[in-house]
Amino acid sequence: MSFIIRRLVFYAVAGWVALTIDFFLPRAMPGNAVEAIMAKFPNLQPSAYKAIQAMLGIGHPGSIWGQYVSYVNDVFHLNFGIDVTEYPASVASLIGQTIPWTLALVGTATVIAFAVGTGLGILAAWRRGGWLDRALPGLMFLQAMPYFFLALILLELFAVTLHVFPLGQGYSQTVVPGLNWPFIVSATYHSILPACTIVITSVAGWMLQMRNVMITTIGEDYVLAGQAKGLSSRRVVFSYAARNAFLPQLQGFGLALAFVVSGALIMEIVFSYPGIGLLLLNAVSSDDYPLMQAIFLVITFAVLIANLLVDVVLVLVDPRARAREGA
Amino acid sequence: MTVAMPVSVEQTALSASPQQFGRWRRLPTNAKVGAILLGIFVLIAVIGPLFAPYNPSYQNPSPALSMQAPSAAHWLGTTESGQDVFSQLLVGVRLTLELAFIVGVVATALSVIVGVSAAFLGGIWDELLSLLSNVFLVIPALPLLIVLLGFLPQRGQLATILVLSLTGWPWGARLIRAQTMAIRGRDFVAASRETGEKSWRIIAFEIIPNETGLIAASFVNTVLFAIGASVALAFIGVADLNSWSLGTILYWAQSQQALQLGAWWWFAPPGVLVALMGTALVLLNTGIDELGNPRLRDSSSASRIAGHRLLPTDPTPVLMAEAPRRSRLADFLHGFSRSSLADGTYQRSSEQQAGSRRAGDGWTGGEQR
């Protein structure tokens, strides 16, 4: 268990760095957030200056250390302050509304892409030089294409021209959000196209990575020994080669999560999907600083938690790690 | 000049041109295609704007020229306000590539500095620098970029370059550190140290020349990252929207509903260009990989006998890197990294705590449990 605890400490450090960046951002930047807001709403009286400062949490009295402590305290109580654009709503509630959307869509799509990509990578490595292996450069083109561009093309094709899928949004306007059947059907229907774009653009990366590790693994002596013993190819591929190649792949999964999240943000913006990415875009375009800060923190912590889960899985599936854990 | 790029990573002098040609021919196909594609893009970036038929920002007031399909006068049609898309692309490629290359140079320099000094200084410095790069790897870059740029009063080219360089270095630093660790233990480094060479000289003339391949690969990767991130940032509007880069063209196309109005000539070409640029870089990178790792090389070289493909089973020589020596504090810190699970440091340190365990006991430990 001690490995996990050590990793936990590492993520705590990473989380603290993110927290600190977030704290110093509004204080270190040359611009003045308060003046930006004042400029945006010309009918605000100069006397509102103090009020906005208080709202943004930057005009705090006291030393910077005191501000830092109260800031960390607020974050731990999920108290991100009041939103600027949607005034009475608290930032935390705005984020809370969007998170389930993002988690469901991005989580499912990423797991599918990872599974499919790993499977295809195994096949490509085993059938070296086969059609799948030779199709790799083409798949790389898909991967190199900007996320949003592919999304736009698919949107054009399936939603505008063919009318197979809706033009965006999380659910149709005619259903009532909640745990009812029409809503679930509508939400699923709306999520198919965005999910497909994530899968299509990220599958090649997983595939390439798995293929390259697999090729190195296939060259190992124990694979040759397995073949020499007369084991079936399937057994050699899956139980001998792929099993060992999968561990680096899983490690890569943790590191790639940060990139996946970035792609998903853009995806939501293209599809006007009511997730956290769209919220971030709205926050940036309306100079909504508290919301921006909070979203950055939430996304970072989500990625850190996902990474921790990957570590736990790593310990569970790697017998060497388990042995060390047990020792 | 760009064509020679993957070649230049591993050689010092090119005197005879037939030899140069031979080298070029021996490169993996991937690298060749990538280099040629990239060369074309650099050419467009250098001379393209000179050949732009119109001023990309000039808004033609004639209503007939709003969203006009491609014609002889406007090869790629016009935008909503009558601007020439082709001219915008020619200018945009330059701005995008320029930004990406500058970011590539700055971020790669940062990762070389961090990576080499982490490996060379060793001990506590190594652990702290590794911790720093791991932390920045795990923090998602795009939200950080958006928030950083969101707070900046002006979101111009310089700000984007700065912010991208600050977030683009950790991956390269990790790779370079690992490589430096391996090289540091080699005989020729020990020899030059014995002859009394100074540390900076060893780093600059013994270690870095041996890492050119890796540095080139991480440069290519960083450029790829910079292109993707800058285009994405511009697309969502966090950029200087008055200048023409491929991202801003896409931003205006999207915000003026080019897609819904069927103006494919407006949004498709910039996207395809970005995708082609990315593909060129990915191909170049796999090419560099294949140069370094023979097993990944051209699958067509695998022999085929009676319908069965022979697997490349010949063993590759593996050099065991000397286990890094750490102070107790550094050892403790290293235990927090994911790689400690792989290299057995974790096991070592827990053995020291248990006191009585033999080395190599790790395998049987799981069964006893």
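Procedures and definitions
Residues numbered from 1 in each chain as written. Chains lettered and ligands numbered in written order. Predicted model: local features only at pLDDT ≥ 70, side-chain atom pairs only at ≥ 80, totals over all residues. Heavy atoms only, no water. Helix = DSSP H or I, 4+ residues; strand = E, 2+ residues; numbered from the N terminus. Buried < 20%, exposed > 50% of the residue type's maximum accessible area, 1.4 Å probe, protein only. Contact = heavy atoms within 4.5 Å. Areas by Shrake-Rupley, 256 points an atom, 1.4 Å probe, with all protein chains shown as cover. Axes fitted to C-alpha atoms, helices over the stretch in contact; angles between N-to-C directions. Parallel < 35°, antiparallel > 145°, perpendicular 65-115°, else oblique. Nonpolar A, V, L, I, M, F, W, Y, C, P; charged D, E, K, R; others polar. Patch = residues over 30% accessible without salt bridge, like charges linked within 9 Å, V, L, I, M, F, W, Y side chains within 5 Å. Salt bridge = Lys/Arg side-chain N within 4 Å of Asp/Glu carboxyl O. Left-handed = near helix turned anticlockwise from the far one by under 90°.

Chemist: An account of the overall build of chain A is requested, with residue identities and associated values reported.
Modeler: Along the backbone of chain A there are 14 helices and 0 strands. Secondary structure elements in chain A, listed N-terminal to C-terminal, are α-α-α-α-α-α-α-α-α-α-α-α-α-α. For chain A, with 327 residues in total, the buried portion stands at 53%. For chain A, the proportion of contacts with a sequence separation of at least 24, taken over those separated by at least 6, is 70%. When the accessible area of chain A is evaluated, it comes to approximately 14900 Å², of which 69% is carbon and sulfur surface.

Chemist: A description of the overall build of chain B should follow, citing residues and the corresponding values.
Modeler: A count of helices and strands for chain B gives 17 helices and 2 strands. Relative to its 369 residues, chain B shows a buried fraction of 49%. Considering only intrachain contacts with a sequence separation of at least 6, the fraction spanning at least 24 residues in chain B is 67%. Carbon and sulfur atoms provide 62% of the accessible area of chain B, an area that totals close to 17900 Å².

Chemist: Describe in detail the packing of helix α11 (residues 233–271) of chain A against helix α12 (residues 276–285) of chain A, supporting the description with residues and values.
Modeler: Residue and element names in this part refer to chain A. Contact geometry of α11 with α12 gives a least axis separation of 7 Å together with a crossing angle of 80°. Between α11 and α12, the crossing angle belongs to the class labelled roughly perpendicular. Taken together, the residues of α12 that come into contact with α11 (itself represented by L265, E268 and I269) are I276, G277, L278, L280 and L281. Partitioned by chemical class, the residues of the contact of α11 with α12 number 6 nonpolar, 1 polar and 1 charged.

Chemist: How would you sum up unusual backbone geometry? Please name residues and give values.
Modeler: All names here are of chain A. Even without a glycine there, the phi angle at S272 is positive, about 45°. Relative to the assigned elements, S272 resides in the loop between α11 and α12. Residue classification places S272 among the partly exposed residues on the basis of a relative accessible area of 25%.

Chemist: Please give an account of a nonpolar patch on the surface that cites residues and values.
Modeler: All names here are of chain B. The grouping of L121, I124, W125, L128, L329 and F332 at the surface amounts to a nonpolar patch, some 620 Å² of accessible area in total. Mapped by element, the contributors of at least two residues to the nonpolar patch are α5 (123–138) and α14 (328–334). Broken down by element, the nonpolar patch gets its largest block of residues, 3 residues, from α5.

Chemist: Describe the packing of helix α6 (residues 141–151) of chain B against helix α7 (residues 157–168) of chain B, and please don't skip the residues or the numbers.
Modeler: Residues and elements named next belong to chain B. Between α6 and α7, whose axes approach to 10 Å, the crossing angle comes to 145°. Of the two elements, α6 crosses α7, and the hand of that crossing is right-handed. Listed contacts from α7 to L144, L145, L148 and L149 of α6 are A159, T160, V163, L164 and T167. Of the residues that constitute the contact of α6 with α7, the class distribution is 7 nonpolar, 2 polar and no charged.

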